[in-house]
Amino acid sequence: MADNREFTYRRLHSLLGVIPVGLFLVQHLVVNHFATKGEEAFNGAAHFMESLPFRYVLETVIIFLPLLFHAIYGLYIAFTAKNNVGRFGFFRNWMFFMQRISGVVTLVFIAWHVWETRIAAALGAEVNFQMMEEILANPLMLGFYIVGVVSTIFHFANGLWSFCVSWGIAVSPRSQQIVTYVTMGIFFALSIVGIRAILAFV
Ligand code: HEM
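Parameters and conventions
- Chains are numbered independently. Their residues run from 1 in the order of the written sequence.
- At least 70 in pLDDT is required for a residue's local features to be given in this predicted model, at least 80 for side-chain atom pairs to be given and counted, and no such filter applies to totals for whole chains, interfaces and linings, which use all residues.
- In computing side-chain values, all of the structure's heavy atoms are included and hydrogens and water are not.
- We count a stretch as a helix when DSSP gives it H or I for four or more residues in a row; a strand needs E for two or more, and each element gets its number in order from the N terminus.
- To get the radius of gyration, use the C-alpha atoms; to get the globule rule, take the number of residues to the power 0.38 and multiply by 2.2 Å.
- For the exposure calls, accessible area comes from a 1.4 Å probe over protein chains only, and a residue counts as buried if that area is under 20% of its type's maximum, exposed if over 50%, partly exposed in between.
- Any pair of N or O atoms that falls within 3.5 Å is considered a polar contact. Within protein, one atom must be able to donate a hydrogen and the other to accept it, and sequence-neighbouring residues count only if both atoms are side-chain atoms.
- Here a residue-residue contact requires only that any non-hydrogen atoms of the pair lie within 4.5 Å.
- Only the contacting stretch of a helix is used when fitting its axis, a line to C-alpha atoms as for every element, and angles between N-to-C directions run 0 to 180 degrees.
- To sort the angles, those under 35 degrees are grouped as roughly parallel, those over 145 as roughly antiparallel, those from 65 to 115 as roughly perpendicular, and the leftovers as oblique.
- By the definition used in this description, the sense in which the near helix is turned from the far one sets the handedness, with an anticlockwise turn below a right angle giving left-handed and a clockwise turn giving right-handed.
- Three classes are used, and their members are as follows: Ala, Val, Leu, Ile, Met, Phe, Trp, Tyr, Cys and Pro are nonpolar, Asp, Glu, Lys and Arg are charged, and the others, Gly among them, are polar.

Peer 1: Is there a simple way to explain the overall build of the protein chain in this structure?
Peer 2: Helices and strands together make up the secondary structure of the protein chain, namely eight helices and zero strands. Counting from the amino terminus, helix and strand elements in the protein chain follow one another as α-α-α-α-α-α-α-α. The C-alpha atoms of the protein chain give a radius of gyration of 18 Å, which matches the 17 Å a tight globule of 202 residues would have. C-alpha extents for the protein chain along the principal axes are approximately 50 × 35 × 30 Å. For the protein chain, with 202 residues in total, the buried portion stands at 38%.

Right, here's the structure in full:
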């Protein structure tokens, strides 16, 4: 019974990491990338997202609650799960370890980023190009944002690999190898999108 519950939580954790949290991450990176086209383009894209109908319901149901569950259960997994040494090769064991490390780094980054932007907005600040420009003018913050964004993207891309394995999408060693290449490609492509957006504010 307890095993069943644990299995369901693991599956839910895995699914929520991709849908909706992973999809939201990709959408967020694409909107931020408008910063490379200038201040007006970024503010236009950001304000469009803010003006969506049922914004608070969407934010709560699509982002906040799934992320909260994934993060809390993710911390539990990160600090209790046994490493599967022997089941996979050296490279996969490292990726398994990095998945946990990047999850914790991502949590710290997201908590800070949400505080500085979304909560600040709820308290009356305007989230726009100028706000990000001011935040990223501090070299320490610039470094923190680059590490945080790359860590989040790595966590998502590498997570797609274990998602494909645990949902039976990549079963044979050959298909798992191909998915490794595809997900690492996703990691590099999204990292370029994320870093370009950050540097556009500097
Ligand atoms: C934008 C934020 C995040 C995204 C897009 C994301 C996405 C993912 C994905 C797609 C997976 C793979 C699921 C699977 O193995 O089937 C995953 C796994 C994992 N995530 Fe996240 N995640 C995020 C934030 C976090 C946070 C804040 C934590 C907190 C520590 C966390 C901890 C974990 C852990 C420990 C795993 C491994 C689960 C396992 O091996 O069974 N994640 N994540």
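Peer 1: Is there a simple way to explain the side chain of Thr117 in this structure?
Peer 2: As for its placement among the helices and strands, Thr117 is situated in helix 5 (residues 90–122). Among the residues examined, Thr117 registers a relative accessible area of 9% and is labelled buried. Within polar-contact distance, the side chain of Thr117 engages the backbone oxygen of His113 at 2.6 Å. Those residues in contact with Thr117, other than ones at most four positions away along the chain, are Val127, Met131 and Met132.

Peer 1: Can you help me understand the packing of helix 7 (residues 139–166) against helix 8 (residues 173–200) in this one?
Peer 2: Between two packed helices, the angle of one axis relative to the other and the distance separating the axes together describe the packing. Between helix 7 and helix 8, the shortest axis-to-axis distance is 9 Å and the interhelical angle comes to 155°. Relative to helix 8, helix 7 is oriented roughly antiparallel. Seen along the crossing, helix 7 lies across helix 8 with a hand that is right-handed. The class makeup of the residues in the contact of helix 7 with helix 8 is 20 nonpolar, six polar and no charged.

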